[in-house]
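Chains, contacts and geometry: an overview
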Amino acid sequence: MNGSGRVAIVTGGASGIGAATAQEFVAGGAAVAIFDINQAGGEEMARSLGPNACFFHVDVSDAEACRQAVDALVAQTGRLDFLVNNAVSFIAKGLDVTTADWERSLGVNVRGYANMVQACFEPMRRAGGGAVVNLASISGHIAQPGRWTYNASKGAILAMTKCQALDLSPHHIRVNAVSPGWIWTPEVARAASGDRAKWEPVWGRYHMLRRLGEPREVARAILFLCSDDASFITGADLPVDGGYLGMGSEGLGETSSFAGSE
Ligand code: NAD
């Protein structure tokens, strides 16, 4: 994309998909602000991206903190064009879920995304419009064991994205979601105890493409949705999932398949 002279916020930009997205914005000529609770990681990421990047310590579940940080950024840049709501609570609880788990999960993943859209609306409107991308997930579409919190929060993001798209459309602000499949990020690497060679063939089989995705592959889709090439796309969800959602529970069909009688 040609981001020259434009300004983006990426929440959760200290790590994983958010860090890759911040890199893509800078590579496209935009200025980027990383909003994250990881002070050291966020500062380091902004430093590595050079003078077109900066860091704000923000917990997106805190509406007032979001508003103050957005206002401080816009006081420096004079404008705001793009918001990528990417920060996440990975709390995955089912029958064992507590009230505190719900508050954190929905507080970051749902209210946090709403807080940021509310804080960014006025400066984006003043800039003449813009684009928001909300990170949903394959988990917002399907059942997974013991994951009421995370999957409910991602399903809520999908529903909220459509409502935000409708409400912001008169102001020329497009709002879309992306639903990644399994992506090699620090969270997934932790689940694999760092052993990619062992786990990629196992988890890769959940995807038609038989592998996991890279953070940059999601970042490129996010940049597309922000770009003018996506000028007639709003209220949509773009799977970036290697074919995960298109494939039913028969999977790759390597064990059994019903061939039909004719
Ligand atoms: P990650 O853990 O690498 O990065 C998440 C970042 O969010 C971290 O830097 C963390 O400090 C920050 N963060 C957490 N809580 C925050 C808060 N309250 N306020 C501000 N920042 C906060 O995550 P990732 O794997 O890159 O995932 C990024 C997004 O993509 C998430 O929304 C996730 O649900 C989604 N996603 C990831 C995968 C995957 O396989 N990794 C799959 C589907 C969807």
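Heads up: these notes are all about the structure in this document. All values reported here derive from a predicted model rather than from experimental measurement.

**Re the site of the ligand**
As a structural note, the neighbourhood of the ligand is formed by 30 residues, with Ser15, Ile17, Asp36, Tyr150 and Ile183 the closest of them. Between the ligand and Asp59 there is a distance of 2.9 Å, counted from a nitrogen atom to a side-chain nitrogen or oxygen. At a separation of 3.1 Å, a nitrogen atom of the ligand approaches a polar backbone atom of Val60. When the free accessible area of the ligand is taken as 840 Å², the share hidden by the protein chains comes to 92%. A breakdown of the residues in the shell around the ligand according to their chemical character gives 18 nonpolar, eight polar and four charged.

**Quick look at helix H2 (residues 39-49)**
Among the residues of H2, those classed as buried are Gly42, Met45, Ala46 and Leu49. One side of H2 holds all its buried residues, which, seen down the axis, span an arc of 95°. Facing away from the buried surface of H2 by more than 90 degrees, the exposed residues are Ala40 and Arg47. For H2, the secondary structure elements touched by its buried residues are helix H1 (16-27), strand S2 (31-36) and strand S3 (53-57). The N-capping residue of H2, defined by a side-chain oxygen 3.5 Å from the backbone nitrogen of Ala40, is Asn38.

**Side note on the environment of Gln68**
With respect to the secondary-structure elements, Gln68 resides in helix H3 (residues 63-77). As for Gln68 and Val58, which are separated by ten residues in sequence, their C-alpha atoms are 9.3 Å apart.

**A few points about the packing of helix H4 (residues 99-126) against helix H5 (residues 148-168)**
Direction vectors running N to C along H4 and H5 enclose 20°, while the axes themselves pass 9 Å from each other. With respect to H5, the axis of H4 lies roughly parallel. Seen along the crossing, H4 lies across H5 with a hand that is right-handed. Facing H4, whose interface residues are Asp101, Trp102, Ser105, Leu106, Asn109, Val110, Tyr113, Ala114, Val117 and Phe121, H5 presents Trp148, Thr149, Tyr150, Ala152, Ser153, Lys154, Ala156, Ile157, Met160, Gln164 and Leu168. Class assignment for the residues of the contact of H4 with H5 results in 14 nonpolar, five polar and two charged.

**As for the pairing of S2**
Most of S2 is tucked away, with five of its six residues classed as buried. Note: strand S1 (residues 7-11) against S2, five bridges, orientation parallel. Looking at S2, one finds that Val7 is bridged to Ala31. Read from S1 through H1 to S2, the crossover connection turns out right-handed.

**A few points about the nonpolar core**
With 37 residues, the main nonpolar core has Phe25, Val32, Leu49, Leu135, Val178, Val218 and Ile222 as its most contacted residues. Top contributing element to this core by residue count: helix H8 (residues 215-226), with six residues. Residue contacts for Leu135: discarding those within four places in its chain leaves Ile17, Val84, Asn85, Asn86, Tyr113, Lys154, Ile157, Val178, Pro180, Val218 and Ile222. Grouped together as the second largest cluster of nonpolar side chains are 26 residues, Ala33, Val70, Leu80 and Ala119 included.

Cut-offs applied
Residues numbered from 1 in each chain as written. Predicted model: local features only at pLDDT ≥ 70, side-chain atom pairs only at ≥ 80, totals over all residues. Heavy atoms only, no water. Near = heavy atom within 4 Å. Polar contact = N/O pair within 3.5 Å; in protein donor to acceptor, adjacent residues only side chain to side chain. Areas by Shrake-Rupley, 256 points an atom, 1.4 Å probe, with all protein chains shown as cover. Nonpolar A, V, L, I, M, F, W, Y, C, P; charged D, E, K, R; others polar. Buried < 20%, exposed > 50% of the residue type's maximum accessible area, 1.4 Å probe, protein only. Helix = DSSP H or I, 4+ residues; strand = E, 2+ residues; numbered from the N terminus. Arc of directions from axis to C-beta. Contact = heavy atoms within 4.5 Å. Axes fitted to C-alpha atoms, helices over the stretch in contact; angles between N-to-C directions. Parallel < 35°, antiparallel > 145°, perpendicular 65-115°, else oblique. Left-handed = near helix turned anticlockwise from the far one by under 90°. Pairing = 2+ DSSP bridges. Right-handed = clockwise from strand over helix to strand, strands pointing away. Core = buried A, V, L, I, M, F, W, Y, C linked by side-chain atoms within 4.5 Å.

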